[in-house]
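So you can see what is in the structure, the chains are spelled out below.
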Amino acid sequence: EVKNQLLPKLEQYQVRVSSIGSPIGKVGVEDEEGFKKQKAQLEEICKIANLLECKYIRMFSFWMLNKNPDEWKEEVLKKLRGFADIAAKYGVVLIHENEKDIYGDIGERCKVILDELASPNFKAAFDFANFVQCGENTEECWELLKEHVAYIHIKDAVAGKNENVVCGTGDGQIAKILAKAIKEDGYEGFLT
């Protein structure tokens, strides 16, 4: 379908794909059957990324609902290494999004993942709104993660509320962080 229907349309209108959104890593950390299925699904998504000449696939780091993330660290890292190995085989980069209620929902645990994997095929997608909704200071998160960030999601939220707001009207400090990221830190990745 991608090869025969989508790709010709993209070529016709000279449109390129910057990343593929995926549900990879949106499964319970203890769900071995789900993980096995996701590995097969990631193989297919990587093939699609190659067809589209797309470098990035967005993904996540496993649901932690009612679990202590510290107790699951090694299991999360083992599974994420498995995903990174698949990405390396296809020459794509997985970009981990800091979603609420997953292992890597806060800056500190995102840093653990990125430092431990230390893979050119595993980087960060920086999502302001998700950090705000997890009670994090986005400026501190940027400083902690900036060397790993390959993709920035322009989303904003108000602390203490479970909804996104118009960018610049929430607590994400988007303008301040983007100015620093581009002018001082040399960020040249995507903004979406």
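See the structure printed just above.
Residues numbered from 1 in each chain as written. Predicted model: local features only at pLDDT ≥ 70, side-chain atom pairs only at ≥ 80, totals over all residues. Heavy atoms only, no water.

Trainee: Honestly, the environment of Lys123 in this entry has me stumped. Any pointers?
Mentor: Here Lys123 is to be found in strand β4 (residues 122-127). Given a relative accessible area of 25%, Lys123 falls into the partly exposed group. Distance in space between the C-alpha atoms of Lys123 and Val93 is 6.9 Å, their sequence separation being 30 residues. Apart from residues lying up to four places away in sequence, Lys123 is in contact with Val93, Leu94, Ile95, His96, Leu114, His148 and Ala150. (Helix = DSSP H or I, 4+ residues; strand = E, 2+ residues; numbered from the N terminus. Buried < 20%, exposed > 50% of the residue type's maximum accessible area, 1.4 Å probe, protein only. Contact = heavy atoms within 4.5 Å.)

Trainee: Help me understand the packing of aromatic side chains in this model?
Mentor: To describe a pair of aromatic rings, you give the distance between the ring centres and the angle between the ring planes. All told, the structure shown has 10 aromatic pairs when counted by the stated rule. On the basis of an interplanar angle of 90° and a centroid distance of 6.2 Å, the ring pair of Tyr56 and Phe190 is categorised as edge-to-face. One end of the pair, Tyr56, is in strand β2 (residues 56-59); the other, Phe190, is in strand β8 (residues 190-191), and 134 residues separate them in sequence. An angle of 85° between the planes, with centres 5.5 Å apart, marks the rings of Phe126 and Trp142 as edge-to-face. Note that Phe126 is positioned in strand β4 and Trp142 in helix α6 (residues 138-145), a separation of 16 residues in sequence. Here Phe126 falls in the buried class, since its relative accessible area comes to 1%. Residue Trp142 is classed as buried on the basis of its relative accessible area, which comes to 2%. Taken together, the aromatic side chains of Phe126, Phe128, Phe131, Trp142 and Tyr187 make up a single cluster linked through ring pairs. The ring of Phe60 is capped by Lys26, whose NZ or CZ atom sits 4.5 Å from the centre of that ring. Residue placement shows Arg109 over the ring face of Tyr103; its charged tip is 5.7 Å from the ring centre. (Phe/Tyr/Trp six-rings, centres within 6.5 Å; stacked < 30°, edge-to-face > 60°. Lys NZ or Arg CZ within 6 Å of the ring centre and 35° of its normal.)

Trainee: Would you explain the pairing of strand β3 (residues 93-97) in this entry?
Mentor: The side chains of a regular strand alternate between both faces of the sheet. With 5 of 5 residues buried, β3 lies mostly within the body of the structure. Sheet topology places β2 next to β3; 4 bridges connect them, and they run parallel. The partner of Arg58 across the bridge, within β3, is Ile95. After leaving β2, the chain enters helix α3 (residues 69-90) and then returns to the sheet as β3, a path that is right-handed. The parallel pair β3 and β4 is bridged by helix α4 (residues 107-117), and the resulting crossover is right-handed. (Pairing = 2+ DSSP bridges. Right-handed = clockwise from strand over helix to strand, strands pointing away.)

Trainee: How should unusual backbone geometry be read in this particular structure?
Mentor: Glycine aside, residues mostly have negative phi, and peptide bonds are mostly found in the trans state. For Ala118, which is not a glycine, the phi torsion comes out positive at approximately 40°. Examined against the element boundaries, Ala118 turns out to sit in the loop between α4 and β4. Under the relative-accessibility criterion, Ala118 is labelled exposed at 60%. Despite not being glycine, Gln173 shows a phi value in the positive range, around 55°.

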